[in-house]
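Overview (structure and organization)
Chain by chain, the residues run as shown.
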Amino acid sequence: MTNYKDIHGSNIETVTSNPDNPVNGQVWYNSTDKALRGNAQTTAGSWSSAPSLNTARYGAGSAAADNTAAIVFGGYPPVKDETELWNGSSWTEVADMNQANSFVVGTGTYTAALAFGGGPGDSPGLQDRTESWNGSSWTEVGDLNTARQRMGSAGLQTSAVAFGGDTDPGPSSALSETWNGSSWTETNNLNTARRGLHGSGVAYTAALGFGGISSPPSNSVAITESWDGTNWTEVGDLNTDRAFGGGGGTTTAALMFGGTQDPPRLANTEQWNGTSWTEVSDLNSGRQGLGAAGTYTAALGFGGNGPPEAVRIILSILTLFSFLINFHIEKCSESKGTKFVLLILIFFDISSQPHIIASLLAIRKFLESGIIFNDGSKPSIPDIPLTQ
């Protein structure tokens, strides 16, 4: 049988730390991490639109081996039990979970998945529940030792690891548990407690956890940790700190995309080559709490939520004014014009939203200087005092 030495002329080098500047194709064994590593040229692709989920949601669990066959389950709002399967071209609704669940996580494939943890659903409080998917239905199996939501996860239906998350009550958690196909066992904790982090890996003996929110204080982080089946070790940070993004892949070839720094919703995408993260093409729209499937070169992102409602409302107002201007507003009385703008200003809690105040002031200034009715007059806009 041909081996590595026969092909390359030498054995794989054993080192205690990863080389600073590995060349493409170089392979080595890191005795500290107990991991075989290599360096490959990054294949940076781009994102394209795909058919939408049948049920809009964020904070859902998902599982997949690639971007052609995936499963999504649970989510919010309101708390959901719907399950959908992706066949590479469309989503199909299938059997519901036994219990509605939000901010649940998953591992496995679309025919053999595991769902665990989560927020309030059919029963109050955080969940320790675990359900197993056989391709057609869900079955409840062994519970987590500690109820949590917004965890990181990696592995398969029969071999998984759950880490971090929220406990109730309390700050972000550093707890880790491994699944052997029938029960969960507590293991060594993360070095940094976090919630809203993501994970990659296909076994409970090798995983990667990245991003998240630490507390206290509640700050998004760029921290990446590698799991060798026994301990967590901090490795190269993300380029952009964030939480509640999507991701997938393995411990040596992973992907993270989207997320939030609260409030910005991010579109950033980064690839992990086993040593460091590299920024590549952004998502078409910034989102947090999205589901994810696939590898670092062929991924699928679905669901999630976009910009905060206030931003969407402002954009809608700007669109409305543009529409009115383009279609030459008919003459209206000064009293009606005044009441109309006053209504918009009162609609927001503008005393606590400085960015909304600035936008509305700009709109008001534009109205005063830019709109001319058909008879040559301008609308009268009241000088309403705004406080920040």
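Residues numbered from 1 in each chain as written. Predicted model: local features only at pLDDT ≥ 70, side-chain atom pairs only at ≥ 80, totals over all residues. Heavy atoms only, no water.

**Section: the overall build of the protein chain**
- Of regular secondary structure, the protein chain possesses 4 helices and 27 strands.
- Residues classed as buried in the protein chain amount to 46% of the 388 residues present.
- Partitioning the intrachain contacts of the protein chain with sequence separation of at least 6 by distance along the chain shows that 46% fall at a separation of at least 24.
- Here the protein chain has roughly 18000 Å² of accessible surface; of this, 52% comes from carbon and sulfur atoms. (Helix = DSSP H or I, 4+ residues; strand = E, 2+ residues; numbered from the N terminus. Buried < 20%, exposed > 50% of the residue type's maximum accessible area, 1.4 Å probe, protein only. Contact = heavy atoms within 4.5 Å. Areas by Shrake-Rupley, 256 points an atom, 1.4 Å probe, with all protein chains shown as cover.)

**Let's talk about the sheet that holds strand S15 (residues 184-187)**
- Pairing within the open sheet is antiparallel, and its 4 strands lie in the order S12-S13-S14-S15. Only two strands of the sheet have a single neighbouring strand rather than two, namely strand S12 (152-155) and S15. Between one strand and the next, the sheet's axes are offset by a mean angle of 20 degrees, whatever the strand orientation.
- Note: strand S14 (residues 176-179) against S15, 4 bridges, orientation antiparallel. Counted as the bridge partner of tryptophan 179 is tryptophan 184 from S15. (Pairing = 2+ DSSP bridges. Axes fitted to C-alpha atoms, helices over the stretch in contact; angles between N-to-C directions.)

**Section: unusual backbone geometry**
- Omega for the bond connecting tyrosine 76 with proline 77 falls within 30 degrees of zero, at -10 degrees, which places this linkage in the cis form.
- Mapped onto the elements of the fold, proline 77 is located in the loop between strand S5 (69-73) and strand S6 (83-86).
- Geometrically, the link from proline 77 to proline 78 is a cis peptide bond, its omega value of -20 degrees lying close to zero.
- Checked against the element boundaries, proline 78 lands in the loop between S5 and S6.
- In this model, phenylalanine 103 sits at a positive phi of 55 degrees, which is unusual for a non-glycine residue.
- Tracing the sequence through the fold places phenylalanine 103 in the loop between strand S7 (91-94) and strand S8 (105-108).
- Even without a glycine there, the phi angle at arginine 150 is positive, about 55 degrees.

**What about the sheet that holds strand S16 (residues 198-203)?**
- Reading across the sheet, the 4 strands line up as S16-S17-S20-S21 and stay open at both edges, with antiparallel pairing between neighbours. Here the strands that pair on one side only, and so sit at the sheet edges, are S16 and strand S21 (232-235). Sheet twist, expressed as the mean angle between neighbouring strand axes with direction ignored, is 20 degrees.
- Taken together, the 4 bridges between S16 and strand S17 (residues 206-210) define a ladder with antiparallel strand orientation. By the bridge assignment for S17, glycine 199 is matched with glycine 209.

**Re the pairing of S12**
- Across the two faces of S12 the burial is the same, with Gly152 and Ala154 and Ser153 and Gly155 all buried.
- Relative to strand S13 (residues 160-163), S12 is paired through 4 bridges, and the arrangement is antiparallel. Following the sheet pairing, alanine 154 is matched in S13 by valine 161.
- Counting the residues in the hairpin turn of S12 and S13 gives 4 residues.

**A few points about the pairing of S6**
- Residues Thr83 and Leu85 point to one face of S6 and Glu84 and Trp86 to the other, with burial holding for every one of them.
- Summarising the sheet, S6 and S7 pair through 4 bridges and their orientation is antiparallel. When the sheet's bridge partners are listed, tryptophan 86 is paired in S7 with tryptophan 91.
- Between the end of S6 and the start of S7, which pair antiparallel, lie 4 residues, with glycine 88 showing a positive phi angle near 105 degrees.

**Quick look at the packing of aromatic side chains**
- Within this structure, the stated rule accounts for 14 aromatic pairs.
- Between tryptophan 86 and tryptophan 91, the ring centres sit 5.3 Å apart and the planes meet at 45 degrees, which makes this aromatic pair tilted.
- Its relative accessible area of 8% is what places tryptophan 91 among the buried residues.
- Through pairs of rings, three or more aromatic residues link up here, namely Tyr58, Tyr76 and Phe103.
- Stacked on the ring of phenylalanine 103, the Lys or Arg arginine 150 has its end atom at 4.2 Å from the ring centre. (Phe/Tyr/Trp six-rings, centres within 6.5 Å; stacked < 30°, edge-to-face > 60°. Lys NZ or Arg CZ within 6 Å of the ring centre and 35° of its normal.)

**Concerning the confidence of the model for the protein chain**
- Counting all residues, the mean pLDDT for the protein chain is 80, and 71% of those residues have values of 70 or more.
- Note that residues 325-359 has pLDDT below 50 and, in this model, 50 contacts with residues that lie over four places away or in other chains.
- The low-confidence segment residues 381-388, where pLDDT is below 50, has 19 contacts with residues more than four positions distant or belonging to other chains. (pLDDT = per-residue confidence, 0-100.)

**A look at the side chain of threonine 178**
- Tracing the sequence through the fold places threonine 178 in strand S14.
- Judged by its relative accessible area of 9%, threonine 178 falls in the buried class.
- Sequence-distant contacts of threonine 178, defined by excluding residues within four places in its chain, comprise Ala160, Val161, Ser183, Trp184, Thr185, Thr187, Tyr204 and Trp227.

**Let's talk about the pattern of salt bridges**
- Under the criterion given, the structure shown has 8 salt bridges.
- Across the salt bridge formed by aspartate 166 and arginine 195, the nearest N and O atoms sit 3.7 Å from each other. Residue aspartate 166 is located in the loop between S13 and S14, and its partner arginine 195 is located in the loop between S15 and S16; the two are separated by 29 residues in the primary sequence.
- Residue arginine 195 is classed as buried on the basis of its relative accessible area, which comes to 17%.
- The residue glutamate 225 makes a salt bridge to arginine 194 at a minimum N-O spacing of 3.0 Å. Separated by 31 residues along the polypeptide, glutamate 225 in strand S20 (residues 224-227) and arginine 194 in the loop between S15 and S16 bring together distant segments of the chain.
- By relative accessible area, glutamate 225 is classed as buried at 0%.
- Judged by its relative accessible area of 0%, arginine 194 falls in the buried class.
- One continuous salt-bridge network, built from bridges that share partners, spans Arg129, Glu131 and Glu140. (Salt bridge = Lys/Arg side-chain N within 4 Å of Asp/Glu carboxyl O.)

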